[in-house]
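One letter stands for each residue in the lines below.
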There are 2 protein chains.
Amino acid sequence: MRQPAPAPDDDLKLSAWLPYRLFLVAAQVARPLEGFYGETFGLSQAGWRILAVIAERDGANASEIGRACALDPFAVSRGIGQLVELGFAVRRPGKTDRRFAAVSITRSGRNAFNRIAAFGSAIEARLLARLSEAERVTLDSTLHKLEAESARIDTGGWRSLLDNTAAS
Amino acid sequence: MRQPAPAPDDDLKLSAWLPYRLFLVAAQVARPLEGFYGETFGLSQAGWRILAVIAERDGANASEIGRACALDPFAVSRGIGQLVELGFAVRRPGKTDRRFAAVSITRSGRNAFNRIAAFGSAIEARLLARLSEAERVTLDSTLHKLEAESARIDTGGWRSLLDNTAAS
DNA sequence: CAATATACTTGCATACTGCAATTATCTATG
DNA sequence: CATAGATAATTGCAGTATGCAAGTATATTG
């Protein structure tokens, strides 16, 4: 009654499984960044992402923001609320359609963004410094392909992945 | 008093920033997988990661598990608790040192793992199918480098990244 | 101008996390 | 061999995040 469990039919080694490897790098890099903007500005992850979006596209509405940084409407609303509380953003009713609130970055929001962006760029630079020029180029195109395919995988939910005959 | 915010000193475009791109792919791929094992087995993300570790290394103790899947001791303890409740794992005191509880996968845990692993492998296969052989090879070595560098970035906390002169 | 649709927002129940304090066990020392 | 101190893991609790139903404000349509 204590025999070892049967051998694996399908071996999946976590440390060699592509999604886990991507996750690991992302998580290890996100932790110090979150520590920085969290302790320095009291910003959450959603808050930072939204700040980055409105820094680039000032006056965006909540839907656009959500699309740009992969957040659902609830998270966007709360993140904007946080930015407004911190004085990093202001909401103003849209000019033509007042259901869409245009979110604008403030001067101090811009300052915070610049400091966080510098920190983030430094991290990115450290990562890229380990790669050859050829690897950097390949990584870029590879990531574009993975982004597109993972987006396809994500939409449609997990049930659509069970009865599969790899869609082209 | 309503002039547009000053132009960016340091432009960081979220969608082109390496850490975000990695995060995005990881998140888009993790969502359907989490949906699958969550709804099918009532497993949390930590539970799945731990299950994958003990499937590969049966009888590991909590510290080893934590190291293998980047979870802190609290999360490991709770995750094991969940697996035990679900009947996917058993805890047994270590043979020599009874402070170390050896965690073993059960037959039904193995079954669950195999099904989740098949699902995970299918996702990985879909991602890899989009890449050329050369890209797959380059991605592998690139990820090894990024894993190593991100681990270095992570240890030491964010403060060590401020006063930087990129350590070799 | 009611009825429906859209774009958010809020409230609340649940789940997750971080950390202090505990438990159980082992090691070292007088 | 008793006792003090380390170590591995667990538990309790407080704060926080998240998911979703319901609500508010605005616009559009018949």
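The text that follows walks through the structure, step by step, so that each part is easy to find. (Residues numbered from 1 in each chain as written. Chains lettered and ligands numbered in written order. Predicted model: local features only at pLDDT ≥ 70, side-chain atom pairs only at ≥ 80, totals over all residues. Heavy atoms only, no water.)

**A few points about the overall build of chain A**
And step 1. Each helix and strand in chain A was counted, giving 6 helices and 2 strands.
And step 2. Counting helices and strands in the order they occur from the N terminus, chain A gives α-α-α-α-β-β-α-α.
And step 3. The C-alpha atoms of chain A give a radius of gyration of 21 Å, which is well past the 15 Å a tight globule of 168 residues would have.
And step 4. In terms of overall dimensions, chain A has C-alpha extents of about 65 × 40 × 40 Å along its principal axes.
And step 5. The burial tally for chain A puts 44% of its 168 residues in the buried class.
And step 6. Expressed as a percentage of contacts within chain A between residues at least 6 apart in sequence, the contacts between residues at least 24 apart total 51%.
And step 7. Accessible surface for chain A amounts to roughly 8,600 Å². Of this, 54% is attributable to carbon and sulfur atoms. (Helix = DSSP H or I, 4+ residues; strand = E, 2+ residues; numbered from the N terminus. Rg over C-alpha atoms; globule rule 2.2 N^0.38 Å. Buried < 20%, exposed > 50% of the residue type's maximum accessible area, 1.4 Å probe, protein only. Contact = heavy atoms within 4.5 Å. Areas by Shrake-Rupley, 256 points an atom, 1.4 Å probe, with all protein chains shown as cover.)

**Structural notes on the environment of Gln 82 of chain A**
Residue and element names in this part refer to chain A.
And step 1. In this fold, Gln 82 is placed in helix α4 (residues 73–86).
And step 2. Along the sequence, Gln 82 and Gly 47 sit 35 residues apart, while their C-alpha atoms lie 6.7 Å from each other.
And step 3. Residues in contact with Gln 82, not counting those within four places in the same chain, are Gly 42, Leu 43, Ser 44 and Gly 47.
And step 4. Separated by 2.9 Å, the side chains of Gln 82 and Ser 44 make a polar contact. (Polar contact = N/O pair within 3.5 Å; in protein donor to acceptor, adjacent residues only side chain to side chain.)

**Re unusual backbone geometry**
Residues and elements named next belong to chain A.
And step 1. One non-glycine residue, Ala 70, lies in positive phi territory at about 55°.
And step 2. Structurally, the position occupied by Ala 70 is in the loop between α3 (62–69) and α4.
And step 3. Ala 70 sits in the partly exposed class, given a relative accessible area of 37%.

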